[in-house]
Amino acid sequence: MSVKINTTINGQAVSASAEASTSLLEFLRDTLEMKGSKLCCNTGECGACTVIYNGKPINSCVTMAADANGAQITTIEGLADGDKLHPVQQAFIDTGAVQCGYCTPGYIMSVKALLDRTKKPTQADIEEAVSGNICRCTGYNKIVDAIHLAAAKL
Amino acid sequence: MAKAEYKVIGTSPARMGGIDRVIGKGVYGIDLMLKDQLHGAILRSQYAHAKIISIDTSEAKKLPGVHAVITAEDAPNVRYGRSYIDRHILARGKVRFMGDPVAAVAADTLAIAKAALKKIKVTYEPLPVLIDAEEAMKPDAVVLHDDMPLPKNIPADVKVRNVCGFTQVHVGDPDKAMAEADLVVEEVYETKMIHPQYLEPRSAAAQMEPNGRLTVWANAQAPFPVRQEVAKMLGMPLNNVRVISADIGGGFGGKGSGITSGAAIEPICGLLAQKTKRAVMIVLDKAEETISTTIRSGAKMYIKTGVKKDGTILARTGKVIYDTGGYSGFGVQAGGRCTNMLGGWYLMPNAHIDGYTVYTNKQVCGPVRGPGGPQAAFAVESHMDTIAAKLGMDPTEFRLKNIPKPGDKIIGVHKLRDVSLGETIKVAKENIGWGKVKLEKNQGIGLATGSWIESAGPGGGAIVKVNEDGSVTVHVGKIDMGTAPRFGIPVIVAEELGVPVEDVTVLSVDTDASPWDAGTVGSRAILVSGTASQRAAIDARTQLFKIAAGQLEASPDDLEIVDRQIRVKGTPSKTVALSVVATNAHNVIGEVIGRGYCDNLELMAEEKAHGSSQPFTTHACIVEVDTMTGNVKILKYVAVHDIGQPIHLAAVEGQIEGATAMSIGQALCEQVVFDKDGKTLNPSFVDYLMPTLNMMPRIETTLVHGYPGAGPYGAKGAGEIACVPPMACIANAIFNATGVRVTKLPLSPENVLRALKEAGKA
Ligand code: FES
Ligand code: FES
């Protein structure tokens, strides 16, 4: 069964149909062909698919597309202002936190949501904010550096 | 070599391709979309070991939206493999692990493809399942591969089965030396299978072109070996197969080694494209990936060492049982390496070690990050601390006592060039506060060393083109997965051509255009592509200078390039822009195209003459053990490495930190768990535990300098070695904290608590 989804993605009204069983991640990646949010575990364990949903970071792979109805969604594609990167994006580049880069969009969205909530996050806030994100490449040092740098710059 | 000599070598400029990745525009394998593509899906064996009696695909074929259903009958009857050519792309006659591909479907949607898989009826006759490699070796075990002979070098009196690799280390007279020892210590260590768990799932897309060529898009680490094997499996000439590399979301060797690592998804996808004359894409589900693609093998290691009272090591004997799974994969090479490394990287005048690579009914060994090394190091370096304790010696003094000097040989290495091992130990002691830091109750300090040989293998080329605006385009055959091609290579080319790093573009691999290469494997990206790129850039520079010489009325030998300008050394006013010279090249040589090659024979001759300039490392940590729960918390972790001259500093640190984290995962929590029928009990990320930020200490990395390697500017590979010490490092700290030696990985709360209880300490 196909359902109609009316939502706002990166500030733009979007209206599209999808199978009722479609996850938000599939809706983004397959229906809208926005491939920036990444597919990995598909079970809500790795954070690669993180998007901001009404101000909160969520794993889009375990959220139904239908739940996007009427919601405000921000994805990695919506952060930069034209050619100007968002400070969190810039911080990931500047600290060398982008190795393979596959976890990066998810981290950036989790960190953006954190820094929207609090300008001066503590180490505990940071650990909590990215506790659902896994990076297999960096060993986390440079990701933590990126978060601190982004917080300092904002 | 002092850093100051260089303009950009050893700095940390922004990674090439970083912007694409932070804005969500990196196109990884799974992001590809081909026009009118079909979705492929693979039927995996439900048995770990069984005869295939029949496969009925008729119902599946009838399903609307299904375009092809293939089994082994549809593929040429050829096998692939590395040492033992023992595997078909789709199982033929027998399945040998759960996850072995049996059939594949291409359909309009993934949902239809999956529905079709359910309609394929396979009749199996189950056979006995071998889970434990030591059991599988026994002379009465069921034979997994009837037509695979035992390795030729196995001694005739050794009665074994299911062995596909045998390595024997024999030096001096170990029996005699053992008899003369003041102390003999004998232990058994065991590591479990882990999955590399790169975040991006394996994928492949394939399309038949109207002219009969096949294009394959792969997120594999070795596009040229993939091309070769796909061509062989599909019976096509190499010039009709083109493999294009997508961005790659991590590999760690799990996406290396040709088609072996992906359980042949590229040729399966290619076959579906051939049958349907359509584009087909396959993306593995993460749980499917865990059960079907290649892994780091578990190993059982018997180790025995004889020492003198003063701590001098006299002899080592041992046995390695290396579990390669249902097919040989990379198990022969990894098992061999593990066997050599069980001899350690200290002076070892007498040794005898037998290493067996054994078939079992589990997923297959791949060249995962430092194949064979971390397992051996867990045994060797834990064992060193056990011996030191029995001798009443400080573990670092015991190690320093047995360190080789330049020119000495160690097991598996005929001669060492420089030896940074001692310095890494000293710096690690300093950094962790060895003997100084005050430890609270249940806290312990531990240390472990490691070494690694950049694996031998063929060289590879580079092409450096200088465009008419002075920007530079580089072709190498190695892919970027957060490794040298888009970190170190632009730095090298910029250094040689006097341009900013951001003027250099390194292209993705396309087998139609890129120079041949064996792949981004074995810590060889800097060694091979770095050397080739440096030489290609120098070749391009020579061409530029020849053209510029006339214009500047100077000899080519007197020119230099600084900030995109070619100028006469010492006469900065005599200059011409690089862009002008590159444009003028159109009239003279057409285009400035530098070519470089890393000559493996030259490297080998160099090593033969002067010895191996291999990297060494020491890691040290402080842990706290909760004796009620068995939980281990790492309070501090230092990693000291000699990797020669760093090319891209942040990349080197990133490789070290990432590899350390991976082995901390293997130390504390990771393992693929099987039931007795060979079913993987934790295929998804819900149950497969990996290190997350909150369980990770900050890894404090220090590089020691002054030990140049064989790579460009004296670089050494940095991708794998940091995987070697962490397991023993943590086990030694637990031993220091509790007096209990845990000999089986992982050092999970359950295993630690059991060991504490057995020792009456919990
Ligand atoms: S893909 Fe959504 S949490 Fe892993
Ligand atoms: S950078 Fe590769 S998973 Fe994080």
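Owing to the predicted nature of the structure, the values given are computational and were not obtained by experimental measurement. Note that residues are indexed from 1 along each chain, following the sequence as it is written. Lettering of chains starts at A and numbering of ligands starts at 1, both following the order in which they are written. Only residues with pLDDT of 70 or above have their local features reported here, since the model is predicted, and side-chain atom pairs are shown and tallied only from 80 upward, although totals for entire chains, interfaces and linings are computed over all residues. Processing note: side-chain calculations cover all non-hydrogen atoms of the structure and skip hydrogens and water entirely.

Looking at the sheet that holds strand 23 (residues 565-568) of chain B
All names here are of chain B.
Phase 1: At least two DSSP bridges between two strands are needed for those strands to be called paired. Where helices and strands are cited, they refer to DSSP runs of H or I of at least four residues and of E of at least two residues respectively, numbered from the N terminus. Here we have 3 strands laid out as an open sheet, ordered 22-23-24, and antiparallel in their pairing. Strands with a single pairing partner mark the edges of an open sheet, and in this sheet they are strand 22 (559-562) and strand 24 (571-577). Looking at each pair of strands side by side, their axes are set apart by 35 degrees on average, direction ignored.
Phase 2: Of the pairings in the sheet, the one linking strand 23 to strand 24 comprises 4 bridges and is antiparallel in character. Note on strand 24: the bridge partner recorded for arginine 567 is threonine 575. With axes taken as lines fitted to C-alpha atoms, and helix axes fitted only over the stretch in contact, angles between N-to-C directions fall between 0 and 180 degrees.

Quick word on the interface of chain A and chain B
Phase 1: Contacts between the two partners involve 40 residues from chain A, matched on the other side by 48 residues from chain B.
Phase 2: Should a side-chain nitrogen of Lys or Arg be within 4 Å of a carboxyl oxygen of Asp or Glu, the pair is scored as a salt bridge. In this structure, the connection of chain A to chain B is made through 6 salt bridges.
Phase 3: Arginine 136 of chain A is the partner of glutamate 670 of chain B in a salt bridge, and the nearest nitrogen-oxygen pair spans 2.7 Å.
Phase 4: Counting of polar contacts relies on pairs of N or O atoms within 3.5 Å, with two restrictions inside protein: one atom must be capable of donating a hydrogen and the other of accepting it, and residues adjacent in sequence are counted only when both atoms are side-chain atoms. Taken together, the connections running from chain A to chain B amount to 20 residue pairs in polar contact (both at pLDDT 80 or more).
Phase 5: With 4 residues, helix 5 (residues 141-153) of chain A is the single largest residue contributor to the side of chain A that touches chain B.
Phase 6: All residues other than Ala, Val, Leu, Ile, Met, Phe, Trp, Tyr, Cys, Pro, Asp, Glu, Lys and Arg, Gly among them, are scored as polar; the first ten of these are nonpolar and the last four charged. Its residues placed into classes, the side of chain A that touches chain B shows 20 nonpolar, 10 polar and 10 charged. The contact definition used throughout considers only heavy atoms, calling two residues in contact when any of these lie within 4.5 Å.

Digging into empty space enclosed by the protein
Residues and elements named next belong to chain B.
Phase 1: Residues are said to line a cavity or pocket when one of their atoms sits within 4 Å of a point; the points come from a 1 Å grid over protein atoms alone, cavities being sets where a 1.4 Å probe fits but cannot get out and pockets being open sets with protein on both sides within 12 Å along at least five of seven lines. Grid points are joined across faces, edges and corners, and a volume is the space filled by probe spheres set on the points. Enumeration according to the criterion identifies 6 cavities of 30 Å³ or more in this entry.
Phase 2: Considering the residues around the largest cavity, the lining is formed by 35 residues, among which Thr483, Ser523, Gln655, Ala718 and Gly719 are closest to the centre.
Phase 3: When contributions to the lining of the largest cavity are tallied by element, the ones reaching two or more residues are helix 14 (525-552) and helix 17 (649-668).
Phase 4: Examining the composition of the lining of the largest cavity, we find that 3 residues originate from one element, helix 17, more than from any other.
Phase 5: Of the residues that constitute the lining of the largest cavity, the class distribution is 16 nonpolar, 15 polar and 4 charged.

Brief notes about the domain arrangement of chain B
Many descriptions give the size of an interface as the accessible area lost when the pieces come together.
All names here are of chain B.
Phase 1: Each assigned domain of chain B is listed here: domain 1 (3-25 + 456-607), domain 2 (32-127 + 215-280), domain 3 (128-194 + 295-407) and domain 4 (417-453 + 612-762).
Phase 2: In this document the domain limits rely on a domain assignment from an automatic tool or a database. Computed over C-alpha atoms only, the centres of domain 1 and domain 2 are separated by 38 Å.
Phase 3: At the junction of the two partners, domain 1 supplies 19 residues and domain 2 supplies 19 residues.
Phase 4: Inspection of the region where domain 1 meets domain 2 yields 4 salt bridges.
Phase 5: Aspartate 247 is the salt-bridge partner of arginine 486, the closest N and O atoms lying 3.7 Å from each other.
Phase 6: Split into classes, the residues belonging to the side of domain 1 that touches domain 2 amount to 7 nonpolar, 6 polar and 6 charged.

Some points on the pattern of salt bridges
Phase 1: Evaluated as defined, the whole model comprises 45 salt bridges over all chains.
Phase 2: Between aspartate 31 of chain B and arginine 29 of chain A there is a salt bridge, with the nearest N and O atoms lying 2.8 Å from each other. With aspartate 31 of chain B in the loop between helix 1 (18-22) and strand 1 (38-44) and arginine 29 of chain A in helix 1 (residues 24-31), the pair connects residues from two separate chains.
Phase 3: Assessed through its relative accessible area of 4%, aspartate 31 of chain B is described here as buried.
Phase 4: Two residues, arginine 15 of chain B and aspartate 480 of chain B, come together in a salt bridge whose shortest N-O distance is 3.1 Å. To sort residues, take the accessible area from a 1.4 Å probe on protein chains only and compare it with the maximum for the residue type: under 20% means buried, over 50% means exposed, and anything in between is partly exposed.

Observations concerning the packing of helix 17 of chain B against helix 18 (residues 726-738) of chain B
Residues and elements named next belong to chain B.
Phase 1: The N-to-C vectors of helix 17 and helix 18 enclose an angle of 50 degrees; their axes lie 8 Å apart at closest approach. Considering their axes alone, helix 17 and helix 18 lie oblique with respect to each other. For the pair helix 17 and helix 18, the sense of crossing is right-handed. Contacts between helix 17 and helix 18 involve Thr660, Ser663, Ile664, Gln666, Ala667 and Leu668 on the former and, on the latter, Pro726, Met727 and Ile730.
Phase 2: Partitioned by chemical class, the residues of the contact of helix 17 with helix 18 number 6 nonpolar, 3 polar and no charged. Comment on the angle field: the value is read as roughly parallel under 35 degrees, roughly antiparallel over 145, roughly perpendicular from 65 to 115, and oblique elsewhere. In a left-handed crossing the near helix is turned counterclockwise from the far helix by less than a right angle, and in a right-handed crossing that turn is clockwise.

A few points about helix 7 (residues 265-276) of chain B
All names here are of chain B.
Phase 1: Take the residue count of a helix, subtract one, and multiply by 1.5 Å to get its expected span. The terminal C-alpha atoms of helix 7, which comprises 12 residues, lie 16 Å apart, in line with the 16 Å expected from a rise of 1.5 Å per residue.
Phase 2: With 10 of its 12 residues buried, helix 7 lies for the most part within the structure.
Phase 3: Residues of helix 7 that are buried include every one of Ile265, Glu266, Pro267, Ile268, Cys269, Gly270, Leu271, Leu272, Ala273 and Thr276, and no others.
Phase 4: Residue lysine 277 follows helix 7 closely and has a positive phi angle near 55 degrees.

Some details on the nonpolar core
A general trend in soluble globular proteins is that nonpolar side chains are found buried together.
Phase 1: Ranked by internal contacts, the top residues of the largest apolar core, which has 134 residues, are Phe92 of chain A together with Trp345, Val623, Ile730, Ile734 and Leu747 of chain B.
Phase 2: The leading source of residues in this core is helix 10 (residues 373-391) of chain B, at 9 residues.
Phase 3: Excluding anything up to four places from it in sequence, isoleucine 734 of chain B contacts Val623, Val625, Val632, Gly739, Val740, Val742, Leu747 and Val752 of chain B.
Phase 4: Core analysis: the next-biggest nonpolar cluster, separate from the first, contains 47 residues, Tyr6, Val472, Ile566 and Ala582 of chain B among them. In this text, buried Ala, Val, Leu, Ile, Met, Phe, Trp, Tyr and Cys residues form a nonpolar core when linked through side-chain atoms within 4.5 Å.

Examining the pairing of strand 1 (residues 2-9) of chain A
All names here are of chain A.
Phase 1: Pairing between strand 1 and strand 2 (residues 12-19): 8 bridges, direction antiparallel. Each residue of the ladder has a partner; that of lysine 4, found in strand 2, is serine 17.
Phase 2: Hairpin remark: strand 1 followed by strand 2, antiparallel, with 2 residues in the connecting loop; positive phi at asparagine 10, about 50 degrees.
Phase 3: Pairing geometry for strand 1 and strand 5 (residues 72-74), over 2 bridges, is parallel. Note on strand 5: the bridge partner recorded for threonine 8 is glutamine 72.

Describing the side chain of histidine 195 of chain B
Phase 1: Position of histidine 195 of chain B among the secondary structure elements: in the loop between strand 10 (183-191) and strand 11 (203-208).
Phase 2: Assessed through its relative accessible area of 0%, histidine 195 of chain B is described here as buried.
Phase 3: Reaching out from histidine 195 of chain B, the side chain makes a polar contact with the side chain of threonine 293 of chain B at a distance of 2.8 Å.
Phase 4: Excluding anything up to four places from it in sequence, histidine 195 of chain B contacts Arg136 of chain A together with Glu289, Thr290, Thr293, Thr294, Ile295, Glu670, Val672 and Tyr688 of chain B.

Quick notes on helix 3 (residues 104-117) of chain A
An α-helix turns once every 3.6 residues. As a result, residues three or four positions apart point the same way.
Residues and elements named next belong to chain A.
Phase 1: Counted at 1.5 Å a residue, the expected span for helix 3 with its 14 residues is 20 Å, and the 20 Å between its end C-alpha atoms agrees.
Phase 2: Summarising burial for helix 3: 12 of the 14 residues are buried, a large majority.
Phase 3: Taken together, the buried positions of helix 3 are occupied by Thr104, Pro105, Gly106, Tyr107, Ile108, Met109, Ser110, Val111, Lys112, Ala113, Leu114 and Leu115.

Looking at the domain arrangement of chain A
Residue and element names in this part refer to chain A.
Phase 1: You can read the domains of chain A as domain 1 (2-78) and domain 2 (87-153).
Phase 2: Placing a centre on the C-alpha atoms of domain 1 and another on those of domain 2 gives a separation of 21 Å.
Phase 3: Counting residues at the interface gives 16 residues for domain 1 and 13 residues for domain 2.
Phase 4: Buried area, as used here, totals the accessible surface that two parts lose on assembly, with accessibility defined by a 1.4 Å probe and the loss added over both. Carbon and sulfur atoms supply 65% of the area buried between domain 1 and domain 2, which totals about 1100 Å² over both sides.
Phase 5: Taken together, domain 1 and domain 2 are joined by 4 residue pairs in polar contact (both at pLDDT 80 or more).
Phase 6: Tallied by class, the residues present in the side of domain 1 that touches domain 2 amount to 8 nonpolar, 6 polar and 2 charged.

Re the pairing of strand 27 (residues 632-641) of chain B
All names here are of chain B.
Phase 1: Burial analysis of strand 27 places 7 of its 10 residues in the buried class, which makes it a mostly covered element.
Phase 2: Relative to strand 27, strand 26 (residues 616-625) is paired through 9 bridges, and the arrangement is antiparallel. From the neighbouring strand, threonine 618 faces strand 27, where its bridge partner is valine 640.
Phase 3: Note that strand 27 and strand 28 (residues 699-703) share 5 bridges and pair parallel. In the sheet register, alanine 639 faces strand 28, and the bridge partner there is threonine 701.
Phase 4: Handedness rule for crossovers: strands pointing away from the viewer, path from the first strand over the helix to the second running clockwise, crossover right-handed. In this region the chain leaves strand 27, passes through helix 17 and returns to the parallel neighbour strand 28; the handedness of that crossover is right-handed.

Topic: the confidence of the model for chain B
Phase 1: On average, residues of chain B score 95 in pLDDT, and 99% of them reach the 70 mark or higher.
Phase 2: Reported confidences for the modelled complex are a pTM of 0.97 and an ipTM of 0.97. pLDDT is a per-residue confidence score from the predictor, ranging from 0 to 100.

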